[in-house]
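# Tertiary structure, described
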Amino acid sequence: MVASTFVKLLSINVGLPRHIEWRGEMVTTAIFKSPVPGPAEVRPTNIEGDRQADLSVHGGARKAVYAYPREHYAFWKSELPGADLGPGAFGENLTTEGLLETDLYPGDILEIGTAAFAVTIPRMPCYKLSLRFDRLDMVKRFWLSRRCGFYLTITRQGTIAVGDGIRLTRSPEKRPSIAAVFASRDEGE
């Protein structure tokens, strides 16, 4: 076991798949997430009240929960003036404080409330970010920003609540950071 750090959970955001018309086609998406006021149960593959629309690219064991740092919101407010940037704006389930992609590694463990998660991979942007913000350039902006957030797998079910501290335990394995993994991917993938 390695040294631990404490950070904070600012928002828990959930949403169900819905049908949206996008560029003349019907699309099913669950990118629209809303904060939940009370404690939330963490289930084997998601947070209570949350679902993913396309399990081939989002969700499942390796991408059960998406977390996004609050620290990135100031950047996006300057980049996207007038955009709705409340908690969950990027489709994240957890809005965190004190966890950045440059300091997180696959295999790191996050304990929140009575639940536990392992960091897996960065989020690779897809067209649903463009749909969410109604901007065709959003995927490119997301890539260029290098503010990707990170996916988590659920290692222990439990209950989480806004304001919970997050205990970070580093993986003993030497791996590239989440930011390095994201940067190594070709923008065209």
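The model shown is predicted, which means the values in this text are computed figures rather than measured ones.

## Remarks on the packing of aromatic side chains
Summed over the entire model, instances satisfying the criterion amount to 13 aromatic pairs. Taken together, a centroid distance of 6.1 Å and an interplanar angle of 80° make the contact between Y68 and Y73 edge-to-face. The interplanar angle of 15° and the centroid separation of 6.3 Å between the aromatic rings of W76 and F142 together place this pair among those described as stacked. With W76 in helix α1 (residues 73-79) and F142 in helix α3 (residues 138-145), this residue pair connects regions lying 66 residues apart in the sequence. In terms of burial, W76 and F142 fall into one category: buried.

## Some points on α3
Within α3 the residues assigned to the buried category are M138, F142, W143 and S145. Looking down the long axis of α3, one finds its buried residues gathered within 165° of arc, a one-sided arrangement. At its buried positions, α3 is contacted by β6 (65-69), α1, α2 (127-133) and α4 (178-184). Residue R146 follows α3 closely and has a positive phi angle near 65°.

What counts, and at which threshold
Residues numbered from 1 in each chain as written. Predicted model: local features only at pLDDT ≥ 70, side-chain atom pairs only at ≥ 80, totals over all residues. Heavy atoms only, no water. Phe/Tyr/Trp six-rings, centres within 6.5 Å; stacked < 30°, edge-to-face > 60°. Helix = DSSP H or I, 4+ residues; strand = E, 2+ residues; numbered from the N terminus. Buried < 20%, exposed > 50% of the residue type's maximum accessible area, 1.4 Å probe, protein only. Arc of directions from axis to C-beta. Contact = heavy atoms within 4.5 Å.

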